[in-house]
Amino acid sequence: MNASAVRRLTVAQALVEFLAHQYTERDGQRHRLINATWGIFGHGNVAGIGQALLESGPDAMPYLQGRNEQAMVHAAVGFARQSNRLSAQAVTTSIGPGATNLVTGAALATVNRLPVLLLPGDIFATRPADPVLQQLEVPSAGDVSVNDCLRPVSRYFDRVMRPEALIPAALAAMRVLTDPAETGAVTLALPQDVQAEAFDWPEEFFADRVWQVRRPAADPTELAVAAQAIRAARRPLIIAGGGVHHSEAEDALRALADATGIPVASTQAGKGSLRHDHPADIGGIGHTGTAVADDLARDADLVIGVGTRYSDFTTASATLFADPAVRFVNLNITPFDAHKLSATTLVADARAGLEALVRELSGHRVDETYEAGYRVGKAAWERRVDAAFAADDETARPSQSQVLGALDAVVGDEDVVVNAAGSLPGDLHKLWRARSPRQYHLEYGYSCMGYEIPGAIGVRLAAPDRPVWALVGDGTYLMMPTEIVTAVQEGININVVLLQNHGYASIGALSEGIGAERFGTAYRFRAADGSYTGDPLPVDLAANAASLGMDVLRAGSVAELREALAAARTSDRPTCVYVETETADTVSGPPGAQAWWDVPVAETATRPAAVKAREDYDRQAAARRRHL
């Protein structure tokens, strides 16, 4: 190629062309890095990125039309996670509210270590008129716009103030998106005048570029020390986090469990790392974990964290690992996470590290009484799951756990279940029987209400042959049903299971437990005393879903629910299964929390419920410890 060859394009056209030629490669398999661009257009991007997408055409850069900027980021995150972070999507918005609507989605992506490229429009770089429509004026700084809100929630941020600045900015953005230890939201803020400005670009900028996604091997010394610690442990426990899935390390984890007999518990992000019926799989861990997993965690003398960042739900707010002599070995590609809990570190790719541990631990196996003990605990928990799923009366309204039981009976190994917030994550973590590595899709790093429907769209785009279920409560649904229109428009066949329980069920239960007496958590009319304890609101969410274009199946009983779920799974259109759940105490529900979660309670109060809750809080908090 002629090194002096140039192509005259606008900045926006050059960026779209550049993105169309970026690829990732891991294990010899190549993937397109930026699969598509979501966009809502306004005066900050319509003449720039919008025109560039039109000019490039769908073969170079597919375009997806969204309804809400935050939802577009959620869809891109769902796509990236289902793609094991090897492929991502971009999101473009106008300036002003379109850009600030990105912030929640960006935080979600960065918290969960998932790549998404954000391309918000920005104010004029040349400032011909100051201020422009939707510009935030900061008297003490002329170089600040609302896009600066994205700085703390982005892994990389740059504002492209000159055409030639796009080259280093775009390359840096790709580096961060494809770095498994650094990835998250990446923001390139694009002043609207710069987007439309022409420049002579070197042809090399548009050449195919392949970004190798590394699998760094374990340091031999770290590996030897970690293996020695595992061999010396009498009651070791593996905690599988989301890094197992991102690295496609499920087979390596299963090989380690098969060879050593070490039990495997999972975080919300790591669930499905082992199939639910594997003898060593003991289910979720922490506040929403199983009894067998949490009991083993309390007695463990060595905890082996694989690809986990140890959130407070996982550690039961630093109360779960109770053995005075407990120590940690952390296998993580990110040193920041590997060093948590004063652990022995094994900084490496999860699959590479697990495969090395299998070799290093050859011939080692836990004591057979330890193995037999946790298998008894696993069987006992399975019986509790069966009881929660069971329905004695098929004509009765189902409880939430019975809804999960009905879905469990319908899905196959290939189905994907998407959820993020409310009471469902706890029930799913304790009860769901994951059949394949990517079946369980819980966004619980940010636990963002409204993620489920757009997230399911992203999953379906990444895996068009897999049935995808978005499980949403009424509170979550009301936050963000907008992308139903996108699913209908694009023919993206997702299934929405919409549970009506008339309020914030999860926060209601939490409120009751910490002495706030369910204040402000029910969707009801005001009573005479001013509280929200009157009749349920006369909303019809099923009718709402239908008005947005979905096929809707209403289920009034357990039997009708099973029929509706089966019909939805075979439908070729986006379908909503609507069910009002039974919350009465007479209905069997899921097992309660098996470990604590720290939500501070009022230290002084006059209401008896709060006084008692504080007594319980002080008792639980006394068990917290720092692992040094």
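The rules we used
- Residues numbered from 1 in each chain as written.
- Predicted model: local features only at pLDDT ≥ 70, side-chain atom pairs only at ≥ 80, totals over all residues.
- Heavy atoms only, no water.
- Pairing = 2+ DSSP bridges.
- Helix = DSSP H or I, 4+ residues; strand = E, 2+ residues; numbered from the N terminus.
- Axes fitted to C-alpha atoms, helices over the stretch in contact; angles between N-to-C directions.
- Contact = heavy atoms within 4.5 Å.
- Patch = residues over 30% accessible without salt bridge, like charges linked within 9 Å, V, L, I, M, F, W, Y side chains within 5 Å.
- Areas by Shrake-Rupley, 256 points an atom, 1.4 Å probe, with all protein chains shown as cover.
- Salt bridge = Lys/Arg side-chain N within 4 Å of Asp/Glu carboxyl O.
- Buried < 20%, exposed > 50% of the residue type's maximum accessible area, 1.4 Å probe, protein only.
- Parallel < 35°, antiparallel > 145°, perpendicular 65-115°, else oblique.
- Left-handed = near helix turned anticlockwise from the far one by under 90°.
- Nonpolar A, V, L, I, M, F, W, Y, C, P; charged D, E, K, R; others polar.
- Polar contact = N/O pair within 3.5 Å; in protein donor to acceptor, adjacent residues only side chain to side chain.
- Core = buried A, V, L, I, M, F, W, Y, C linked by side-chain atoms within 4.5 Å.
- Arc of directions from axis to C-beta.
- Phe/Tyr/Trp six-rings, centres within 6.5 Å; stacked < 30°, edge-to-face > 60°.
- Lys NZ or Arg CZ within 6 Å of the ring centre and 35° of its normal.
- Right-handed = clockwise from strand over helix to strand, strands pointing away.

Novice: Just to check I follow, could you spell out the sheet that holds strand S2 (residues 22-26) for this structure?
Specialist: What links the strands of a sheet is backbone hydrogen bonding, and the strands pair in either a parallel or an antiparallel sense. Ordered in space as S3-S2-S11, the three strands form an open sheet in which the pairing is mixed. In this open sheet, the two strands that pair with only one neighbour each are strand S3 (29-32) and strand S11 (209-212). Neighbouring strand axes in the sheet, compared pairwise and without regard to direction, differ in orientation by 35 degrees on average. Direction of pairing for S2 relative to S3: antiparallel, over a ladder of four bridges. The residue of S3 that forms the bridge with Glu 25 is Arg 30.

Novice: What's the story with the environment of Leu 119 in this structure? I'm lost.
Specialist: Note that Leu 119 resides in strand S7 (residues 116-122). Spatially, the C-alpha atom of Leu 119 lies 5.8 Å from that of Ala 189, the residues being 70 residues apart in sequence. Contact partners of Leu 119, with chain neighbours within four places excluded, come to Leu 15, Leu 19, Ala 90, Val 91, Thr 92, Thr 93, Leu 188 and Leu 190.

Novice: Any chance you could explain a nonpolar patch on the surface here in plain terms?
Specialist: Taken together, the side chains of Phe 41, Val 46 and Tyr 63 present a nonpolar region at the surface, about 240 Å² in accessible area. Within the secondary structure layout, Phe 41 lies in the loop between strand S4 (34-39) and helix H2 (46-56). By relative accessible area, which is 33% here, Phe 41 ends up partly exposed.

Novice: Honestly, the packing of helix H16 (residues 400-410) against helix H17 (residues 424-431) in this entry has me stumped. Any pointers?
Specialist: The packing of two helices is summarised by the inter-axis angle and the distance between the axes. Two numbers describe how H16 lies on H17: the axes approach to 10 Å, and their chain directions differ by 50 degrees. Put simply, H16 runs oblique to H17. Here H16 runs over H17; the crossing is right-handed. Every residue of H17 that contacts H16 at Gln 400, Ser 401 and Leu 404 is listed here: Leu 424, Asp 427, Leu 428 and Leu 431. Looking at side-chain class alone, the contact of H16 with H17 contains four nonpolar, two polar and one charged residues.

Novice: In this structure, what is going on with the sheet that holds strand S22 (residues 551-555)? I would like to understand it.
Specialist: Spatially, S19-S18-S20-S21-S23-S22 is the arrangement adopted by the six strands of the open sheet, whose pairing is parallel. Sheet topology places strand S19 (440-442) and S22 at the edges, where each strand pairs with a single neighbour. With direction set aside, neighbouring strand axes in the sheet form an average angle of 20 degrees. In terms of strand pairing, S22 meets strand S23 (residues 575-580) through five bridges, oriented parallel. Bridging across to S23, Arg 554 finds its partner in Tyr 578.

Novice: What is the right way to look at the packing of helix H1 (residues 11-19) against helix H6 (residues 166-177) in this model?
Specialist: Orientation of H1 relative to H6, taken along the N-to-C sense of each, is 35 degrees, at an axis distance of 11 Å. Remark: the crossing between H1 and H6 carries right-handed chirality. Touching Val 11, Ala 14, Leu 15, Phe 18 and Leu 19 of H1 are Leu 166, Ala 170, Leu 171 and Met 174, all from H6. Grouping the constituent residues of the contact of H1 with H6 by class yields nine nonpolar, no polar and no charged.

Novice: What should I look at first to understand the side chain of His 245 in this one?
Specialist: Tracing the sequence through the fold places His 245 in helix H9 (residues 242-246). By relative accessible area, which is 0% here, His 245 ends up buried. Polar side-chain contacts of His 245 include one of 3.0 Å to the backbone oxygen of Lys 271. Dropping the residues within four chain positions of it, His 245 is found in contact with Asn 84, Glu 250, Ala 269, Gly 270, Lys 271, Gly 272, Ser 273, Pro 437 and Arg 438.

Novice: How should I be thinking about the nonpolar core in this particular structure?
Specialist: Nonpolar side chains tend toward joint burial in soluble globular proteins. In this structure, Trp 469, Leu 471 and Leu 565 are the most contacted members of the largest nonpolar core, which totals 82 residues. With six residues, helix H15 (residues 368-389) is the single largest residue contributor to this core. Membership of the second largest hydrophobic core comes to 47 residues, among which are Trp 38, Met 72, Val 91 and Val 496.

Novice: Would you mind going over H2 with me for this structure?
Specialist: Each α-helix turn comprises 3.6 residues. Residues three or four places apart therefore point the same way. For H2, the full list of buried residues reads Gly 48, Ile 49, Gly 50, Ala 52 and Leu 53. For H2, the angular spread of the buried residues around the axis is 165 degrees, confining them to a single face. Opposite the buried face of H2, at more than 90 degrees from it, the exposed residues are Ala 47, Leu 54 and Glu 55. At the C-terminal side of H2, Gly 57 shows a positive phi close to 90 degrees.

Novice: Explanation requested: the side chain of Thr 93 in the structure shown.
Specialist: As for its placement among the helices and strands, Thr 93 is situated in strand S6 (residues 88-93). According to the relative accessible area criterion, Thr 93 is buried, its value standing at 0%. Setting aside anything within four residues of it in sequence, one finds Thr 93 in contact with Ile 40, Asn 45, Glu 69, Met 72, Gly 98, Ala 99, Leu 102, Leu 119, Pro 120 and Gly 121.

Novice: Help me understand the packing of aromatic side chains in this model?
Specialist: Any aromatic ring pair is given by two values, namely how distant the centres are and how the planes are angled relative to each other. Following the criterion strictly, the structure yields twelve aromatic pairs and no others. The lysine or arginine in question, Lys 271, covers the ring of Tyr 440, its NZ or CZ lying 5.6 Å from the ring centre. Taking the ring centre of Tyr 578 as reference, the NZ or CZ of Arg 554 above it sits at 5.7 Å.

Novice: Can you help me understand the pairing of S4 in this one?
Specialist: Taken residue by residue, a regular strand's side chains alternate between the two faces of the sheet. In terms of residue burial, S4 counts as a mostly covered element, since five of its six residues are buried. Bridge count for S4 against S6 is four bridges, and the pairing is parallel. Bridge assignment links Ile 34 to a residue of S6, and that residue is Ala 88. Bridge count for S4 against strand S5 (residues 63-65) is three bridges, and the pairing is parallel. Each bridged residue has a counterpart across the sheet, and for Gly 39 the counterpart in S5 is Gln 65. Traced from S4 through H2 to S5, the parallel crossover comes out right-handed.

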